[in-house]
Amino acid sequence: MTKYAEGMGKKDSLSLVGDDMREGMTAVLSVKVPDPKFSSQTKEKLVSSEVQPAVQMVVADAVGHWFETHPKEAKGIIQKVMDAAAAREAARRARELTRRKGVLDVSTLPGKLADCQERDPTKCEMFIVEGESAGGSAKQGRDRKFQAILPLKGKILNVERARFDRMLGSVEIGTLITALGAGIGRAEAEQGGFDVAKLRYHRIVIMTDADVDGSHIRTLLLTFFFRQMPDLIERGHLYIAQPPLYRAKRGSDERYLKDDAALERFLLDKVLGEARLSYADGRVLQGPELQEEAAWLREASVRLRRLSSIIPVALLEQAAIAGAVTPDVERATAAAQILVRRLDAVSLPAERGWKVVADAHGLTLARTVRGVAELHTLDMAALRSADARWLAERAGALQKRFGDPAALKLDRDESSVAGPASAFDRILAQGRRGLTVQRFKGLGEMNPDQLWKTTLDPVARTLLQVKVGDVDDAGQVFSTLMGDVVEPRREFIVGNALKVANLDV
């Protein structure tokens, strides 16, 4: 019997079958039969012919009466039946999207896909790239013998929040499924499941820009593969490319660097080999000792810069050295006069005259320069933050190092530095001298030859293979980050925000 969903036209009609109506339904029957007959020795199924008509009649009358007296619940059940039918139809469309790589199926491939020449899937790899611009560079820079390029337009649908049939209605996801050719869903599914034997590429590489949007697109793709093609991950076919964010060049020598941390390490390695840092307590650090000290200076600098949206770093580091970055009003008051002297010492003669007040509202730094008042305040919320606590706990170490200015020798120049952020910034600035640093805003800004030798060339590139350590934990992370419930996501962001040292906004 064929029924059509109310309010739908002929084009959108859904043909219902018995499985659609029975999906998710459970009934418990107690039937007493004098001489029961079973289908097997295990007695899993009752086959007495006189039982079925009687049960059907009783159940049909009871269900019909319940539907008539509970119209609201009946409407919900009908909607569930329609959803089941829509999901079944979506699974059918998923099977139609799937075809194995062969000589006769080239015309069925999505138009965006730049396919490779190799016919053996074990030797083929497909790069999923972000946008037509990156796709153009990748298509020109690839080795067309075994590398295919599939550019996707914008951000794909978040499958964590979408119904299966709506997901398959997405053009970009349909293109991706067709290009892979292995179906969708669990491999053990009876209909339309993932079949690794039909996979057209045995290395699928997500290659997005090294920025926040690129990270978001990568997360959306990972959500799709984890939820709809988990066997792709379990069998080790999914990878993440590592395109560079920077190119550092001096003369004919050039170096590609993955991210801000790699650029920072490059600059430090370039400088610290011949640098020397002399503290007022008599310590002189060079070589490996200076490398270790630079890591400490960096950590202090990062903490200071996180608070620098409230107060300038140059002032904040003096407050930290003086021991005034604390919610303890008594301690901050005792350090106030020390801080005044330090602030005046690092200011130009015409710009001195600092005043510091520590009270229940926080720490206030003020001065008047050429008739213009300058005021900076660290409130109690900032003074109780994790970064402020870190600085307060290390006030003694900061005082020991920078109670008096330290001397930093870089190359042939020696300069005075008054705090950890000043010292670290001076080191990085020395590393940039004579160096041209280019930041790639996207893969489309890279020339095809640059993309090849940094990201596509199997000899030089670095790929991260996607693996799942604990399926339940991974599922919880995807549900938290990509699901409909906002509160767990907010708590996750708040709890992990400080772990992000450099956020590209």
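Described in the following lines is the structure provided in the data block. (Residues numbered from 1 in each chain as written. Predicted model: local features only at pLDDT ≥ 70, side-chain atom pairs only at ≥ 80, totals over all residues. Heavy atoms only, no water.)

Quick word on the pairing of strand β6 (residues 253-257)
For clarity, the threshold we go by: We treat two strands as partners when DSSP finds at least two bridges between them. Here a helix means four or more residues in a row that DSSP labels H or I, a strand means two or more in a row labelled E, and each is numbered from the N terminus.
As judged from the five bridges shared by strand β5 (residues 246-250) and β6, these two strands associate in the antiparallel manner. Among the inter-strand pairings, tyrosine 246 is bridged to a residue of β6, identified as leucine 257.

Considering the side chain of aspartate 209
The condition that has to hold: The cut-offs for exposure are 20% and 50% of the maximum accessible area for each residue type, with area from a 1.4 Å probe on protein chains only; residues under the lower value are buried, those over the upper are exposed, and the others partly exposed. The positive count covers Lys and Arg only, the negative count covers Asp and Glu only, and His and the chain ends enter neither. A side-chain nitrogen of Lys or Arg and a carboxyl oxygen of Asp or Glu constitute a salt bridge if their distance falls within 4 Å. Note on contacts: a residue pair is in contact if any heavy atoms of the two residues lie within 4.5 Å.
As for its placement among the helices and strands, aspartate 209 is situated in the loop between β3 (203-207) and α7 (212-228). No salt bridge is formed by the buried aspartate 209; the nearest opposite charge belongs to arginine 218, separated by 8.9 Å. Excluding anything up to four places from it in sequence, aspartate 209 contacts Glu130, Gly214, Ser215, Arg218, Lys441, Gly442 and Leu443.

Here's the deal with a nonpolar patch on the surface
Operational definition: Like charges are joined within 9 Å and nonpolar side chains (Val, Leu, Ile, Met, Phe, Trp, Tyr) within 5 Å, but only among residues with over 30% relative accessible area and no salt bridge; these make up the patches. Computed by Shrake-Rupley with a 1.4 Å probe, the accessible areas treat only the displayed protein chains as cover when residues are assessed.
Together, Leu29, Val31, Val59, Val63, Trp66 and Phe67 line one region of the surface with nonpolar side chains, adding up to about 480 Å² of accessible area. Among the secondary structure elements, tryptophan 66 is positioned in helix α2 (residues 51-69). Owing to a relative accessible area of 34%, tryptophan 66 belongs among the partly exposed residues under this scheme.

Section: the packing of helix α11 (residues 313-322) against helix α12 (residues 329-345)
Convention followed: Orientation is described by lines fitted to C-alpha atoms, with helices fitted over the stretch in contact, and by angles between N-to-C directions that extend from 0 to 180 degrees. To sort the angles, those under 35 degrees are grouped as roughly parallel, those over 145 as roughly antiparallel, those from 65 to 115 as roughly perpendicular, and the leftovers as oblique. In this scheme, a crossing is called left-handed if the near helix is turned counterclockwise away from the far one by less than a right angle; it is called right-handed if the turn is clockwise.
Two numbers describe how α11 lies on α12: the axes approach to 9 Å, and their chain directions differ by 140°. The angle between the axes of α11 and α12 places the two elements in the oblique class. Considering the relative orientation of α11 and α12, their crossing is right-handed. In contact with Leu315, Gln318, Ala319, Ile321 and Ala322 of α11, α12 contributes Ala335, Ile338, Leu339, Arg342 and Leu343.

Considering the state of the cysteines
Think of a disulfide as a covalent bridge from one cysteine sulfur atom to another cysteine sulfur atom. Definition in use: Working definition: a disulfide is two cysteine sulfur atoms within 2.5 Å of each other.
Under the criterion given, the structure shown has zero disulfides. We note that cysteine 116 lacks a disulfide partner, and the nearest cysteine sulfur, in cysteine 124, lies 3.7 Å from it. Residue classification places cysteine 124 among the buried residues on the basis of a relative accessible area of 2%.

Some details on the sheet that holds strand β10 (residues 362-369)
Judged by pairing direction, the sheet is antiparallel, and its three strands sit side by side in the order β9-β10-β11 without closing on themselves. Each end of this open sheet is capped by a strand with a single partner; those strands are β9 (355-359) and β11 (372-379). Going across the sheet, the axis of each strand differs from the next one's by a mean of 15°, ignoring polarity. Here β10 pairs with β11 via eight bridges, running antiparallel. When the bridges of β11 are listed, leucine 363 appears paired with leucine 378. Packing of α12 onto the sheet brings it into contact with β9 and β10, and relative to β9 it is tilted by some 170°.

Let's talk about the sheet that holds strand β1 (residues 125-130)
The five strands are arranged β2-β1-β3-β4-β15 in an open sheet whose pairing can be described as mixed. One side of each edge strand has no neighbouring strand; the edge strands of this open sheet are β2 (147-152) and β15 (463-465). Taking each pair of neighbouring strands and ignoring which way they run, the sheet shows an average axis angle of 25°. Two elements, strand β4 (residues 238-241) and β15, share three bridges in a ladder whose sense is antiparallel. What sits directly across from isoleucine 240, in β15, is leucine 464. Running at roughly 170° to β2, helix α4 (residues 131-141) makes contact with β1, β2 and β3 of the sheet.

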